[in-house]
Amino acid sequence: YETLLRAMSMLREDYQITNVVLICAGRGNQSLIEKYKRLQVRANLDNRVFWLGDRTDSRAVLAACDIVTLASSEGDGFPNVVGEALALEKPVVVTDVGDCLENFGSSAIVVEPNNPDAIARAWNQIIGNPSGARALGKQGRRLILNKYSVAKNVSNTEKALLDLCWTDN
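Criteria and thresholds
- Residues numbered from 1 in each chain as written.
- Predicted model: local features only at pLDDT ≥ 70, side-chain atom pairs only at ≥ 80, totals over all residues.
- Heavy atoms only, no water.
- Helix = DSSP H or I, 4+ residues; strand = E, 2+ residues; numbered from the N terminus.
- Buried < 20%, exposed > 50% of the residue type's maximum accessible area, 1.4 Å probe, protein only.
- Contact = heavy atoms within 4.5 Å.
- Lys, Arg positive; Asp, Glu negative; His and termini not counted.
- Charge placed at Lys NZ, Arg CZ, Asp CG, Glu CD.
- Core = buried A, V, L, I, M, F, W, Y, C linked by side-chain atoms within 4.5 Å.

Draft legend 1. A look at the overall build of the protein. A count of helical and extended segments in the protein gives eight helices and five strands. Along its sequence from the N terminus, the protein presents helices and strands in the succession α-β-α-β-α-β-α-β-α-β-α-α-α. For the protein, the C-alpha atoms occupy an extent of roughly 65 × 40 × 30 Å along the three principal directions. When each of the 169 residues of the protein is scored for burial, the buried share is 34%. Put simply, of all contacts in the protein between residues at least 6 apart along the chain, 65% involve residues at least 24 apart. Taking the 19 positively charged and 20 negatively charged side chains of the protein as two groups, their mean positions are separated by 7 Å.

Structural data, given as structure tokens:
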């Protein structure tokens, strides 16, 4: 969250984009969230960041977003929130951790982890190019449908199981 808050601050200061909000959804360590809320106030983002906590309506939250960002600093293999956002045709910014580049690199803007400037640049790129943002979102949906749909997963699982059954052992 600290990286996201710093990126928000940079977006406002470096790119003069002030009409954005950051929505943070999900449960987390309360003492860390309190720390981030203090950072939010110090960065003059007190009315620009909303901490939603744990949600049961994640689809509605994602649908309300113009950009979805996963700013992990380590080890996400296949973060569901990214797949869900891509399925909803949202432009996505994701950090290059775990398998994120391999899984989403063609359909998301991938930036180095712990780099708020890279995230702010990616957000600025998306905000400044609405048609490019729509195209990126459509590309993301195609990726999910072609590579990660239920039908594709069933087919891949069936093939893997059949390959195990028909080996020459």
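Draft legend 2. Local environment of the environment of glutamine 16. Summarising the element assignment, glutamine 16 is placed in the loop between α1 (2–15) and β1 (22–25). Glutamine 16 sits in the exposed class, given a relative accessible area of 60%. Considering only alpha carbons, one finds glutamine 16 and isoleucine 126, 110 residues apart in sequence, at a separation of 14 Å.

Draft legend 3. Examining the nonpolar core more closely. By size, the foremost hydrophobic cluster in this structure holds 24 residues, and its most contacted members are Leu5, Leu22, Val93, Ile109, Val111 and Trp123. Taken together, the elements giving at least two residues each to this core come down to α1, β1, α2 (30–42), β5 (109–111), α6 (116–128) and α7 (130–147). Examining the composition of this core, we find that six residues originate from one element, α6, more than from any other. Residues in contact with leucine 22, not counting those within four places in the same chain, are Leu4, Leu5, Met8, Arg48, Val49, Phe50 and Trp123. The next biggest cluster of nonpolar side chains, apart from the first, holds 16 residues, and it includes Leu70, Val82, Ala85 and Cys100.

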